[in-house]
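These are the residues of each chain, in order.
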Amino acid sequence: MKIDLNTAIIPSREGAAETAAGCLANGGLVAFPTETVYGLGADATDARAIARLYQAKGRPSFNPLIAHVSDLDAARQIARFDERSIRLAEAFWPGPLTLVLPKAPDCPVADLATAGLETIAVRVPAHPVARDILRAFGKPVVAPSANLSGHVSPTTAAHVVSDLAGRIDLVVDGGPVYVGVESTIVGCFETPLLLRPGGLPRADIERVLGTALAGLPEDGADTDAHPLAPGMMASHYAPRTPVRLNAQHLNTGEALLAFGPNPMSGSSASIVMNLSAAGDLVEAAANLFGHLRALDAKGSQGIAVMPIPDEGLGEAINDRLRRAAVPRT
Ligand code: TXA
Ligand code: MG
């Protein structure tokens with residue numbers, strides 16, 4: 001692939017969805033907003049386009065992609081649903097929930113997108129721009145987050161451009177996204193598994209299932225060598241600046257990522273960003289990746305993060321922060 005492309009950036013006004021669909025149909029790579037984060041889309045049935053996508057992101061190709069479709073009917077063309085997964089789809093789609101399901105017998109999605117697995121991750125996004133593009137294109141679109149592999153996920157078109165300009169064909173700018181963390185991923189296995197906490201809180205899903213969601217095994221089964229949710233590698237969502245969690249005080253030279261109305265009493269940090277002064281976890285999720293990027297750009301010696309409650313969207317926020325804090329080699 002030519003890695004020096006002219007990346008066009010268009011606002012999401014009338015006609016943008018048709019432009020995006022035309023680009024996808026030609027094997028192009030199109031970044032667009034979903035309610036969770038910006039995605040980098042490619043035609044899910046076009047192995048060559050998917051290969052370009054992996055290359056543009058610098059993504060290890062064993063890491064499978066989520067197929068995005070416009071509704072449950074379209075999802076049933078690519079995956080097999082049982083009573084339980086239909087219940088989840090009907091309750092939460094369109095919305096920030098991805099279901100991992102057995103592939104349908106005649107699933108047209110390229111094997112490269114599913115990394116050779118027997119299962120496929122499917123999602124129906126709620127963002128109007130994403131929905132318009134999926135409807136205009138009429139086929140499944142694979143879309144990982146539109147960042148370089150390992151970087152912080154993009155929540156604005158500017159984030160996408162800073163990572164991927166010159167490497168992709170088109171960016172549809174629909175303004176900042178409103179959820180701010182990626183979709184929750186549920187593996188619809190015999191025992192339903194929470195493969196990734198995300199924009200849909202665990203408790204909502206458990207209410208519909210009528211049972212608790214099992215987590216990933218703590219015993220190392222979710223490792224880089226043998227991943228259950230293969231993208232859940234320990235070091236991910238990575239700012240370049242070291243991140244220190246559950247900070248009760250500030251060290252010299254650290255910037256502060258605060259949460260709540262009392263950003264660390266007595267702290268003299270010159271650089272402070274608050275995820276939510278009101279202590280609202282929904283607002284905090286929407287601000288998370290943007291604040292991490294902004295603090296990372298300040299060149300501080302470290303980023304100290306105040307404790308964040310682990311309930312509701314806090315589970316996804318803390319998951320991303322733990323990954324951001326893993327020391328990089
Ligand atoms: O909110 C989102 O889900 C965003 C937007 C753009 O839709 N997309 C996103 O995609 O976060 P990505 O590629 O960054 O993360 C997809 C995750 C990875 O952790 C991958 O390993 C996992 O889904 N995954 C995909 N297919 C899978 C499968 N068959 N079994 C288990 N995990 C799978
Ligand atoms: Mg990602």
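Above this note sits the structure.
The text that follows walks through the structure, step by step, so that each part is easy to find. (Residues numbered from 1 in each chain as written. Chains lettered and ligands numbered in written order. Predicted model: local features only at pLDDT ≥ 70, side-chain atom pairs only at ≥ 80, totals over all residues. Heavy atoms only, no water.)

What about the nonpolar core?
- With 50 residues, the main nonpolar core has Ile 78, Phe 81, Trp 93, Leu 97, Leu 99, Ile 168 and Ile 205 as its most contacted residues.
- Of all the secondary-structure elements, those providing two or more residues to this core are strand E3 (38-43), helix H2 (47-57), helix H3 (72-76), helix H4 (83-92), strand E5 (97-102), strand E6 (119-123), helix H7 (157-164) and helix H8 (202-209).
- The greatest single-element share of this core, amounting to five residues, is contributed by H2.
- Contacts of Leu 97, omitting those with residues within four sequence positions, involve Leu 88, Phe 92, Val 122, Arg 123, Ser 183, Thr 184, Val 186, Leu 200 and Ile 205.
- Counting 24 residues, the second-largest nonpolar core is a separate cluster that includes Val 179, Ala 285, Ile 317 and Leu 321. (Core = buried A, V, L, I, M, F, W, Y, C linked by side-chain atoms within 4.5 Å. Buried < 20%, exposed > 50% of the residue type's maximum accessible area, 1.4 Å probe, protein only. Helix = DSSP H or I, 4+ residues; strand = E, 2+ residues; numbered from the N terminus. Contact = heavy atoms within 4.5 Å.)

A word on the pairing of strand E10 (residues 193-196)
- Here three bridges tie strand E9 (residues 184-187) to E10, and the two strands are oriented antiparallel to one another. By the bridge assignment, Ile 185 is partnered in E10 with Arg 196.
- From the end of E9 to the start of E10, which pair antiparallel, there are five residues. (Pairing = 2+ DSSP bridges.)

Here's the deal with H2
- Among all positions in H2, only Ala 49, Ile 50, Arg 52, Leu 53, Tyr 54, Ala 56 and Lys 57 are buried.
- Where H2 is buried, its residues contact E3, helix H5 (111-114), strand E7 (141-142) and H7.
- The N-terminus of H2 is capped by Asp 46, whose side-chain oxygen sits 3.0 Å from the backbone nitrogen of Arg 48.
- Among the residues trailing H2, Gly 58 stands out with phi positive, at a value near 65°. (Polar contact = N/O pair within 3.5 Å; in protein donor to acceptor, adjacent residues only side chain to side chain.)

A short note on the packing of aromatic side chains
- According to the stated counting rule, one finds one aromatic pair in the structure shown.
- Here Phe 81 and Trp 93 contribute two aromatic rings whose centre-to-centre distance is 6.0 Å and whose plane-to-plane angle is 80°, an arrangement assigned as edge-to-face. Taken together, the positions of Phe 81 in the loop between H3 and H4 and Trp 93 in the loop between H4 and E5 put the pair twelve residues apart, joining distant regions of the chain. For the pair Phe 81 and Trp 93, one class covers both residues: buried. (Phe/Tyr/Trp six-rings, centres within 6.5 Å; stacked < 30°, edge-to-face > 60°.)

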